[in-house]
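A closer look at the structure
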Number of protein chains: 2
Amino acid sequence: MQISERAQVRRIPKRAVYDRETIHAILDAGFLAHIGFCVEGQPFVIPTLYGRSGDKLYLHGSAASRMLRTLEKGAQICVDVTLVDGLVLARSAFHHSMNYRSAVLFGTARKLDDPQQKIEGLRIISEHLIAGRWDEVRAPNEKELKATSVLEFVIEDASAKVRSGHPVDEEEDYGLQVWAGVVPLELKPGRPLADPRLAGEIALAESVVRYRK
Amino acid sequence: MQISERAQVRRIPKRAVYDRETIHAILDAGFLAHIGFCVEGQPFVIPTLYGRSGDKLYLHGSAASRMLRTLEKGAQICVDVTLVDGLVLARSAFHHSMNYRSAVLFGTARKLDDPQQKIEGLRIISEHLIAGRWDEVRAPNEKELKATSVLEFVIEDASAKVRSGHPVDEEEDYGLQVWAGVVPLELKPGRPLADPRLAGEIALAESVVRYRK
């Protein structure tokens with residue numbers, strides 16, 4: 001994973017960070033990636049779940065998925081993971097902003113063929129989404145594994161942008177009688193809704209109890 | 001706005017919706033778009049704020065932005081807006097899913113040159129993000145307007161995917177002693193944090209009071 005021309009953040013370089021630790025932390029805090037690829041000059045952006053292990057992301061989907069079939073051919077891929085942290089409300093329209101953490105990754109992917117590697121990729125995705133769930137549920141059977149493609153995406157280069165804190169206004173605007181500040185935003189889990197078809201009285205899964213903490 | 005080859009949802013067509021009302025509702029509920037474009041076969045995905053008016057989206061950024069300079073040349077653009085509604089926890093690993101609403105739009109953009117049109121585009125973006133804020137704050141001045149590019153993106157075709165409700169498991173798995181259901185997820189505003197440099201005692205902005213409701 002390194003800094004290259006394509007990953008270089010052009011605008012507001014003070015918001016740009018390139019260290020592996022920051023990028024991994026953003027990837028670990030998120031769970032939804034936007035995958036960009038080109039087919040004969042036409043861009044496509046598809047949202048998908050992922051899991052991370054080192055400098056690799058794991059993606060999965062139907063073996064018949066257009067996206068996965070394109071990606072597994074070695075297409076160039078751009079992955080964006082963005083976490084929204086708040087609205088930044090300045091005294092002027094111009095200085096309004098967002099607090100956010102965003103990672104942009106570039107690389108290519110390969111399809112995993114070995115069943116054990118596929119299962120391990122799926123386990124990484126599942127544990128990334130909700131830790132502990134994998135061991136609570138029925139594992140994929142042979143038929144399900146065949147119907148699923150698992151891709152390993154190697155992060156070749158990457159960058160991140162982070163904004164935090166209060167608005168930065170023009171000096172002469174600080175005297176305005178306008179409320180300014182930050183409205184924090186957070187993706188929060190609500191009260192779990194049990195499937196009406198539960199097989200009797202079943203306690204809330206441990207993975208969900210931990211997830212909500 | 002119409003359904004075309006590129007916008008057709010291939011996987012799980014039962015989750016696909018194409019009507020304008022559903023797509024507009026998703027765009028209105030979100031505020032962060034992922035913009036995909038290609039530069040010589042290399043895909044880029046950039047997160048950005050937007051506003052909607054009819055079948056048009058407005059995007060803005062620094063006049064020096066690489067993305068905006070590429071888009072204003074008429075490049076093909078793919079826009080994704082995804083809202084996460086919950087984790088769908090099934091009895092088998094295979095049937096885990098997300099509840100979500102996602103719109104994918106295709107089209108091209110043009111740069112607005114007329115200052116009044118630019119201001120109107122910026123107002124639409126601002127009102128989309130937090131209604132009422134535009135009239136509370138100082139309007140853009142000539143210098144700020146010059147430093148800002150405003151793009152009008154026309155939705156040429158689009159599709160949406162929506163999943164809601166409980167997991168759908170294999171019939172034979174419903175007897176398993178595994179908790180299953182949905183963990184709702186929602187992006188929630190927290191307590192507003194006033195800028196320490198407020199010009200005295202200033203009441204929380206009306207726009208923020210309304211936003212939190």
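Residues numbered from 1 in each chain as written. Chains lettered and ligands numbered in written order. Predicted model: local features only at pLDDT ≥ 70, side-chain atom pairs only at ≥ 80, totals over all residues.

Right, let's talk about the overall build of chain A for a bit. What chain A contains, in helices and strands, is five helices and 10 strands. Dimensions along the principal axes, computed over C-alpha positions, put chain A at roughly 65 × 50 × 30 Å. Going through the 213 residues of chain A one by one, you find that 43% of them count as buried. Partitioning the contacts of chain A with sequence separation of at least 6, the portion at a separation of at least 24 is 76%. (Helix = DSSP H or I, 4+ residues; strand = E, 2+ residues; numbered from the N terminus. Buried ≥ 20, exposed ≤ 12 C-beta atoms within 10 Å, placed from the backbone. Contact = placed C-beta atoms within 7 Å.)

As a further point, take the relation of the copies chain B and chain A. With an RMSD of 0.0 Å, the fit of chain B onto chain A corresponds to turning through 180° and sliding 0.0 Å along the axis. Taken together, the turn and the small shift mark the pair as related by a two-fold rotation axis. In terms of proximity to the rotation axis, the leading residue of chain B is Leu-187 of chain B, whose C-alpha is 2.0 Å off the axis. Comparing interface residues between copies, 100% of those in chain B also lie at the interface in chain A; the contact surface is shared. (Least-squares fit on C-alpha atoms with pLDDT ≥ 70 in both.)

On the chain A side, the residues contacting the 81 residues of chain B number 81 residues. Among the secondary structure elements, those contributing two or more residues to the side of chain B that touches chain A are strand E2 (32-39), strand E3 (42-49), strand E6 (77-89), strand E7 (97-111), helix H3 (115-129), strand E9 (181-189), strand E10 (193-194) and helix H5 (206-211) of chain B. If one sorts the elements of the side of chain B that touches chain A by residue count, E9 of chain B sits on top with nine residues. Classifying every residue of the side of chain B that touches chain A by side-chain character gives 49 nonpolar, 17 polar and 15 charged. Pairing of strand E9 (residues 181-189) of chain A with E9 of chain B, which is carried by five bridges, proceeds in the antiparallel orientation. (Nonpolar A, V, L, I, M, F, W, Y, C, P; charged D, E, K, R; others polar. Pairing = 2+ DSSP bridges.)

Residues and elements named next belong to chain A. All of the buried residues along helix H1 (residues 20-29) are Ile-23, Ile-26 and Leu-27. Across the axial projection of H1, the buried residues extend over an arc of 100°, all falling on one side. Turned more than 90 degrees off the buried face of H1, the exposed positions are Glu-21, Asp-28 and Ala-29. Here the buried face of H1 lies against strand E4 (51-53), strand E6 (77-89), strand E7 (97-111) and strand E8 (148-163). (Arc of directions from axis to C-beta.)

The next thing to look at is the confidence of the model for chain A. Confidence in the prediction for chain A averages 93 pLDDT; 92% of positions are at 70 or higher. Reported confidence for the predicted complex is 0.92 by ipTM and 0.93 by pTM. (pLDDT = per-residue confidence, 0-100.)

Residue and element names in this part refer to chain A. Phi is positive for Glu-40, close to 50°, though the residue is something other than glycine. Summarising the element assignment, Glu-40 is placed in the loop between strand E2 (32-39) and strand E3 (42-49). Using a count of 7 C-beta atoms within 10 Å as the deciding quantity, one classes Glu-40 as exposed.

Residues and elements named next belong to chain B. For E6 and E7, the ladder comprises 11 bridges, and the chain directions are antiparallel. What sits directly across from Ile-77, in E7, is Gly-107. Sheet analysis places E7 next to strand E8 (residues 148-163), joined by 12 bridges and oriented antiparallel. Residue Leu-105 lies in a different strand from E8, and its bridge partner there is Ala-158.

With that settled, the discussion passes to the pairing of E2 of chain A. Residue and element names in this part refer to chain A. Extensive coverage of E2 is indicated by the burial of six of its eight residues. Sheet topology note: the E2/E3 ladder contains eight bridges and is antiparallel. Paired with Phe-37 across the strands is Phe-44, a residue of E3. Following E2, the chain reverses through two residues before pairing antiparallel with E3; Glu-40 in that reversal takes a positive phi of roughly 50°. Direction of pairing for E2 relative to E6: antiparallel, over a ladder of three bridges. Note on E6: the bridge partner recorded for Ile-35 is Val-79.

Looking now at the nonpolar core. With 114 residues, the main nonpolar core has Val-79 and Ala-103 of chain A together with Val-79 and Ala-103 of chain B as its most contacted residues. Those residues within four positions of Ala-103 of chain A in sequence are excluded, and the remaining contacts are Ile-23, Ile-26, Leu-27, Val-81, Ala-158 and Ala-160 of chain A. (Core = buried A, V, L, I, M, F, W, Y, C linked by C-beta atoms within 7 Å.)

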